[in-house]
Amino acid sequence: VKFQEGMDAKWPLPGYMNGEKGHCHFRDETYERITRWTAETRIAYRPHAKAPGSKSHLRYEKYSSAKTVGEALRVGSYPMDWCWDYERGFIKVLGGPMREEPLDVAKEDEGQVTDVDRTIANWYVRELAK
């Protein structure tokens, strides 16, 4: 598709992907990165990365305007989307706070836990149980 020409160079896959796009089983390195994001982690989405007419195109177009992980969650993107998009080079981190280790929400003061923290923690527990 013409509007995607040159985008792979501007939006590369993470180095650990070795040039291969991921599948529905995400790599450990992806979990390591996503579980450390916070609501304020700044992100950018590759413009128009999903094919028009695909199931995910309309959702992607809606959430791809988000500038932070918190904003992405509010407009309809979830950790599974972040993993999928990250492994394909559709999303990249621009900066902002990231955790040294994944947050254990059970050990935190409820007032300090954000919707992003809760969503990532709940999703990760379900992923581990698979």
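Above: the structure in question.
Presented here is a report on the structure given in the accompanying data block. Fair warning: this is a prediction, and the values are worked out from it, not measured in the lab.

1. Some words on the pattern of salt bridges
Opposite charge on two side chains permits pairing when their charged atoms draw close. Counting across every chain of the model gives seven salt bridges. Close ionic contact of R36 with E101 constitutes a salt bridge, the shortest N to O distance being 3.3 Å. Here R36, found in the loop between helix 2 (28-34) and strand 1 (42-45), pairs with E101, found in the loop between strand 2 (91-95) and helix 6 (115-129); they are 65 residues apart in sequence, far enough to count as distant. Connected through salt bridges with shared partners, the residues E110, D115 and R118 form a single ionic network.

2. Topic: helix 6
In this model helix 6 runs 21 Å from its N-terminal to its C-terminal C-alpha over 15 residues, within 8% of the 21 Å that 1.5 Å per residue would give. Regarding helix 6, the residues found buried are V116, D117, I120, A121, W123 and E127.

3. Observations regarding the packing of aromatic side chains
This structure, assessed with the given rule, holds 10 aromatic pairs. Taken together, the aromatic side chains of F26, Y31, W123 and Y124 make up a single cluster linked through ring pairs. Here R88 stacks its cationic end above the ring of W84, 3.3 Å away from the centre of that ring.

4. A short note on the side chain of K50
Secondary-structure assignment places K50 in the loop between strand 1 and helix 3 (57-63). For K50, a relative accessible area of 9% gives the class buried. The residues contacting K50, other than those within four sequence positions of it, are S56, H57, Y60, Y63, W84, D85 and F90.

5. Section: the nonpolar core
By size, the foremost hydrophobic cluster in this structure holds 24 residues, and its most contacted members are I34, W37, Y45, W82 and I91. Other than its neighbours up to four places away in sequence, W37 contacts V69, W82, Y86, I91, V93, M98, R99 and I120.

Calculation criteria
- Residues numbered from 1 in each chain as written.
- Predicted model: local features only at pLDDT ≥ 70, side-chain atom pairs only at ≥ 80, totals over all residues.
- Heavy atoms only, no water.
- Salt bridge = Lys/Arg side-chain N within 4 Å of Asp/Glu carboxyl O.
- Helix = DSSP H or I, 4+ residues; strand = E, 2+ residues; numbered from the N terminus.
- Expected span 1.5 Å × (residues − 1).
- Buried < 20%, exposed > 50% of the residue type's maximum accessible area, 1.4 Å probe, protein only.
- Phe/Tyr/Trp six-rings, centres within 6.5 Å; stacked < 30°, edge-to-face > 60°.
- Lys NZ or Arg CZ within 6 Å of the ring centre and 35° of its normal.
- Contact = heavy atoms within 4.5 Å.
- Core = buried A, V, L, I, M, F, W, Y, C linked by side-chain atoms within 4.5 Å.

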